[in-house]
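Below, each chain spelled out in residue letters.
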Amino acid sequence: MQGSSSNGGETLHVTVGGDEGSPRLDRVLAARCASLSRSRLKALILAGSVTVKGAPIRDPAYHVTAGDTITIDVPEAAPPEPKGEDIALDIVFEDGDIIVIDKPKGLVVHPAAGHETGTLVNALIAHCGESLSGIGGVKRPGIVHRLDKDTTGLMVVAKNDAAHASLTAQFADHGRTGEMRRGYLAFVWGVPNRQRGTIDAPIDRHPYAREKMAVREGGREAVTHWEIREVFGGRDGKPVASLLACQLETGRTHQIRVHLAHIGHPLLGDSVYGPHFKTKAGHLGPEAQAALTALGRQALHAYLLALEHPRSGEVLHWEAALPEDLLLLEKTLQAAL
């Protein structure tokens, strides 16, 4: 049951039944209040916004009993920070719960030092407007995964707490038990010695260059599956590069870039993880060299995304074609064959 709240938000009422799975207050509310995430409910309890039989309870582990009436005073979502900005978006799908975009190169996902404005978050706040019902009590988009500034392709963002919780769980699972799939197209130097394979190598911060990641013992689990899509010859006709389709089983920072460099096949244009391969550009034909120079970024595109809709449970699937700069790179590489 819902009602209005004196603070402009809403008031939720829950009557504890005799068949609750756990007597803990936080777990009962998590099971009964699908519109609020566990973290949001915990914050409301700690803030004194949850009462049991009229008394504020600030202990998430408080034991309720059958017949207890729980009242949750959910304040109106606070205005977003940062502010919205009118930035064009390539929207692939949108409804009241999620929005899927095809991110262009050069667009930073979240405000940070050096990129306080002009980000995807700024654009989504302006575009979604009042359809953002509040993530953690703030009218902001729920970012559940990221793409590097210069990586293009598909991203999904949550518009409310319930969608955010569902997507977070799906991305944590990465298709091991559910329907989540994330596919990338990667143009790499050289050609792997077999058609497909799996890279299972932990990733952590680089021990010296803190802005980089590296394969390191004791790091976080990271698994990338790959297969060869195309092989490209150089000016001498010998294989010089290839196009790989990669599937993520985990979602670590720079995972594909780090893993492919680790097996000796860094991304074309990757100045961070493949700087020692710059000289290989001399083996490309002149048109391919020009396309790679013009690219000015790592040749990586998130082309595939599949997930279960957080409300309906329907499995949704999207694919995004290569952007113009990578399409030109592919065509010029093919021309040398």
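Residue indices begin from 1 for each chain and proceed along its sequence in written order. Only residues with pLDDT of at least 70 are given local features in this predicted model, and only at 80 or more are side-chain atom pairs given and counted; all residues enter the totals for whole chains, interfaces and linings. The side-chain figures draw on all heavy atoms in the structure; neither hydrogens nor water molecules are used.

Attention now moves to the overall build of the protein. Secondary structure is summarised from DSSP: a helix means a run of H or I of at least four residues, a strand means a run of E of at least two, and numbering begins at the N terminus for each. Check the secondary structure of the protein and you find seven helices and 17 strands. Taken over the C-alpha atoms alone, the protein extends approximately 80 × 40 × 40 Å along its principal axes. Split into buried and exposed, the 337 residues of the protein put 47% on the buried side. Whether two residues are in contact is decided by their heavy atoms, any of which lying within 4.5 Å being enough. Look at the contacts in the protein between residues 6 or more apart in sequence, and 66% of them connect residues 24 or more apart. When the accessible surface of the protein is summed, it comes to about 16000 Å², and 50% of that surface belongs to carbon and sulfur atoms. The positive charge centre, built from 36 side chains, and the negative charge centre, built from 40, are 6 Å apart in the protein. Only protein chains enter the area calculation, which uses a 1.4 Å probe; residues under 20% of their type maximum are buried, those over 50% are exposed, and those in between are partly exposed. To measure how exposed things are, a 1.4 Å probe is used in the Shrake-Rupley method; for residues, cover is taken only from the protein chains shown. By the counting rule applied here, Lys and Arg register as positive and Asp and Glu as negative, while His and the ends of each chain are not counted. Where a charge lies is defined by one atom per residue type, namely NZ (Lys), CZ (Arg), CG (Asp) and CD (Glu).

Moving on: the side chain of Thr-332. Topologically, Thr-332 is positioned in helix 7 (residues 324-335). Contact partners of Thr-332, with chain neighbours within four places excluded, come to Glu-287, Ala-288 and Ala-291.

Attention now goes to the pairing of strand 17 (residues 315-319). By the alternation rule, side chains of strand 17 split into Leu-316 and Trp-318, which are all buried, and Val-315, His-317 and Glu-319, of which none is buried. Whether two strands pair depends on DSSP finding at least two bridges between them. Here strand 16 (residues 300-308) pairs with strand 17 via five bridges, running antiparallel. Paired with Glu-308 across the strands is Val-315, a residue of strand 17.

Here a salt bridge means any side-chain nitrogen of Lys or Arg lying within 4 Å of a carboxyl oxygen belonging to Asp or Glu. Throughout the structure, instances matching the rule amount to twelve salt bridges. Residues Arg-229 and Glu-227 are paired through a salt bridge, measuring 4.0 Å at the closest nitrogen-oxygen approach. Here Glu-227 falls in the partly exposed class, since its relative accessible area comes to 28%.

The next point concerns the confidence of the model for the protein. For the protein, mean pLDDT is 88; residues scoring 70 or higher make up 92% of the total. At the level of individual helices and strands, the protein shows its lowest average pLDDT in strand 1 (residues 2-4), which scores 49, and its highest in strand 17, which scores 98. By definition, pLDDT measures how confident the predictor is in each residue, and it falls between 0 and 100.

If you trace the backbone, Gly-175 turns up in the loop between helix 4 (161-173) and strand 10 (181-189). Look past the residues within four positions of Gly-175 in its chain and what remains in contact with it is Gln-170 and Met-180.

Backbone geometry at Lys-53 places phi at a positive 55 degrees, although glycine is not the residue there. As for its placement among the helices and strands, Lys-53 is situated in the loop between strand 3 (50-52) and strand 4 (55-56). Lys-53 gets classed as exposed once you look at its relative accessible area, which sits at 61%. Of note in this structure, His-254 is not a glycine but carries a positive phi near 60 degrees. For His-254, the position within the fold is in the loop between strand 15 (239-248) and helix 5 (255-262).

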